[in-house]
Amino acid sequence: MEPGKLARGVRLRGLTPEGSVRVEDVRPLGSALRITYRTPSGRLEEALLYPEDLRGLEVEEEARPPLDAPGDLFRLAAEAKRIQYAYLFDPWMAVHTSLVEPLPHQIEAVYGHMLPKNPLRFLLADDPGAGKTIMTGLYMRELALRGALERALVVAPGSLVVQWQEELWEKFRLRFEIFSRSWLENSLENPFRKHPYWLARLDQLARFPEVAERALEVDWDLVVVDEAHKMSATYYGLEVKATRRYRLGQQLSERAKHLLLLTATPHRGREEDFRLFLALLDPDRFAGRPGREAPPPIPKGSGSGGRRKTWCALTARPSSPNAGPTPWPTTFPRRRWPYTRP
């Protein structure tokens, strides 16, 4: 090997029995060369090389990746990477990649109130058929596009789980498996770990501890509860009487990073029961019976066409102990309906 080929960064083969080394420094010393090199194990060592020593050394060419891969596969990988980071450039990525045309109040709820909160502890209340499933699907789709939804659980009444499965797949391409007893009987391991997205019946989890235990072994990124008002508790004197559904809600709240409760009837006129319901979202802030200076009850105003306005309870944890009083339900902008009621 010629002395002129020795330079920093060159890999030499034949200098040590360990394998090729990387030259870190070269200094002339008379007719010889003093080199500093790094061994395969990472040690720095020095050697004095004379012209006769250079004859037994070879410069090792660095391996280069082959460039004979099919071009269509490269374009496919590049497109997948582009889609993975698309949310950084398109703030409404879920809207543009889903088969829905959301109404203004749905966009306001998802992008104005839900997505900015991390973690999300949220109560979304609206009339039946007003689009709570659409808002939930948009939120899920956005989290999935951002790589923040590895495991999700939707808990719904038994009559609604098939409808949820169809809606989430047809409109948002989110494939949810419906949990049944056969999954538990035919699986040696926890079936909730076999798939990332699950739909479970509310009473199946509440009534059968062996099913609930399996669901509670998983750390969920998101738990959604439809018809959440069924998770009820009430005061009898100084004692709290909680249903099995309510106890299930408490346990799921502890295992979920994001918790979203959906209901059309969140408030039934009793302030202390409503606080118990909100305690599912944040027990530290809503537990306990309200005192004399409790926040006023939810207004019973009406929206256009005699329908109630959309409202939600914002229950994000304050950033400091002095963050101010507990935020109570606020009203979203009035919906603009595509038709005029007679």
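Residues numbered from 1 in each chain as written. Predicted model: local features only at pLDDT ≥ 70, side-chain atom pairs only at ≥ 80, totals over all residues. Heavy atoms only, no water.

A. Structural view of the pattern of salt bridges. Tallying each qualifying case throughout the model produces 15 salt bridges. Between Arg181 and Glu210 there is a salt bridge; the shortest N-O distance is 3.0 Å. With Arg181 in helix H7 (residues 181–185) and Glu210 in helix H9 (residues 209–216), this pair connects stretches of sequence that are 29 residues apart. Where Asp203 meets Arg207, a salt bridge forms, and the shortest distance between an N and an O atom there is 3.9 Å. Of the two residues, Asp203 and Arg207 both sit in helix H8 (residues 202–207), four residues apart, roughly one turn of that helix. Within this structure, Arg22, Glu24 and Arg38 form a network of salt bridges that share partners. (Salt bridge = Lys/Arg side-chain N within 4 Å of Asp/Glu carboxyl O. Helix = DSSP H or I, 4+ residues; strand = E, 2+ residues; numbered from the N terminus.)

B. Region of interest: the layout of surface pockets. What the second largest pocket holds in volume is close to 300 Å³. Residue lining of the second largest pocket: 16 residues in total, with Gly129, Lys132, Thr133, Gln163 and Asp226 positioned closest to the centre. Taken together, the elements giving at least two residues each to the lining of the second largest pocket come down to helix H5 (132–145) and helix H6 (161–172). The element contributing the most residues to the lining of the second largest pocket is H6, with four residues. Of the residues in the lining of the second largest pocket, the class split is six nonpolar, four polar and six charged. (1 Å grid on protein atoms, 1.4 Å probe; cavity = no way out; pocket = protein on both sides within 12 Å on 5 of 7 lines; lining within 4 Å. Points joined across faces, edges and corners; volume = space filled by probe spheres on them. Nonpolar A, V, L, I, M, F, W, Y, C, P; charged D, E, K, R; others polar.)

C. Just the packing of aromatic side chains, in detail. According to the stated counting rule, one finds seven aromatic pairs in the structure shown. Seen in terms of ring centroids, Phe192 and Trp220 are 6.0 Å apart; in terms of plane orientation they differ by 85°. Their pairing is edge-to-face. Taken together, the positions of Phe192 in the loop between H7 and strand S9 (197–201) and Trp220 in strand S10 (residues 220–225) put the pair 28 residues apart, joining distant regions of the chain. Of the two residues, Phe192 and Trp220, both sit in the buried class. The rings of Phe179, Trp183, Phe192, Trp198 and Trp220 are connected pair by pair, giving a single aromatic cluster. The ring of Trp169 has Arg173 lying over it, and the distance from NZ or CZ to the ring centre is 4.6 Å. The side chain of Arg181 reaches across the aromatic face of Phe208, ending 5.3 Å from its centre. (Phe/Tyr/Trp six-rings, centres within 6.5 Å; stacked < 30°, edge-to-face > 60°. Buried < 20%, exposed > 50% of the residue type's maximum accessible area, 1.4 Å probe, protein only. Lys NZ or Arg CZ within 6 Å of the ring centre and 35° of its normal.)

D. Seen up close, the nonpolar core. Residues Leu153, Phe192, Val223, Leu248 and Leu261 are the most contacted members of the largest nonpolar core, which totals 37 residues. Those residues within four positions of Leu248 in sequence are excluded, and the remaining contacts are Leu202, Leu205, Ala206, Ala212 and Met231. Ranked by size, the runner-up nonpolar core spans 35 residues in total, among them Val100, Val110, Leu168 and Ile178. (Core = buried A, V, L, I, M, F, W, Y, C linked by side-chain atoms within 4.5 Å. Contact = heavy atoms within 4.5 Å.)

E. Local environment of the sheet that holds strand S3 (residues 32–38). Here we have five strands laid out as an open sheet, ordered S4-S3-S2-S1-S5, and antiparallel in their pairing. On the outer flanks of this sheet lie strand S4 (44–49) and strand S5 (58–59), each paired with one strand and no other. Two strands pair when backbone bridges link them, and strand S1 (residues 11–16) and S5 are joined in this way by two bridges, in the antiparallel orientation. The residue of S5 that forms the bridge with Arg13 is Glu58. (Pairing = 2+ DSSP bridges.)

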